[in-house]
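Structure at a glance
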Amino acid sequence: MAQANQTIRMSREEVAHFHKEMERRMRGDFTIAENERMIARRHVYNAIMSRNSGRNPLFTE
């Protein structure tokens, strides 16, 4: 079994950057490139769902 690293060291700058990015994403303030990637993922998701009669193939038996 793989061991989890539970003692990740982060500097104060890394923590501040993480908080700033998390806040930005939670507000929905995405860059143009991030929006394009999300739209592409949404199209793939919709294609998979339409091919499987609306049932998610990852969670069905």
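Keep in mind the model is a prediction, meaning the values are calculated, not measured.

Calculation notes
Residues numbered from 1 in each chain as written. Predicted model: local features only at pLDDT ≥ 70, side-chain atom pairs only at ≥ 80, totals over all residues. Heavy atoms only, no water. Helix = DSSP H or I, 4+ residues; strand = E, 2+ residues; numbered from the N terminus. Buried < 20%, exposed > 50% of the residue type's maximum accessible area, 1.4 Å probe, protein only. Contact = heavy atoms within 4.5 Å. Salt bridge = Lys/Arg side-chain N within 4 Å of Asp/Glu carboxyl O.

Attention now goes to the environment of Arg51. On the secondary structure map, Arg51 appears in helix H2 (residues 32-51). Residue Arg51 is classed as exposed on the basis of its relative accessible area of 68%.

Before going further, it helps to spend a moment on the environment of Pro57. Along the chain, Pro57 falls in the segment after H2. Sequence-distant contacts of Pro57, that is, excluding residues within four places in its chain, are made with Ile48 and Asn52.

Within this structure, the stated rule accounts for six salt bridges. Between Glu34 and Arg25 there is a salt bridge; the shortest N-O distance is 3.0 Å. Accessibility expressed as a relative area gives 10% for Glu34, which makes it buried. In this structure, Asp29 and Arg27 form a salt bridge, with 3.8 Å as the shortest nitrogen-oxygen distance. The partly exposed category is assigned to Asp29, whose relative accessible area is 40%. Arg27 sits in the exposed class, given a relative accessible area of 55%. Residues joined in a network through salt bridges with shared partners are Glu21, Arg24, Arg25 and Glu34.

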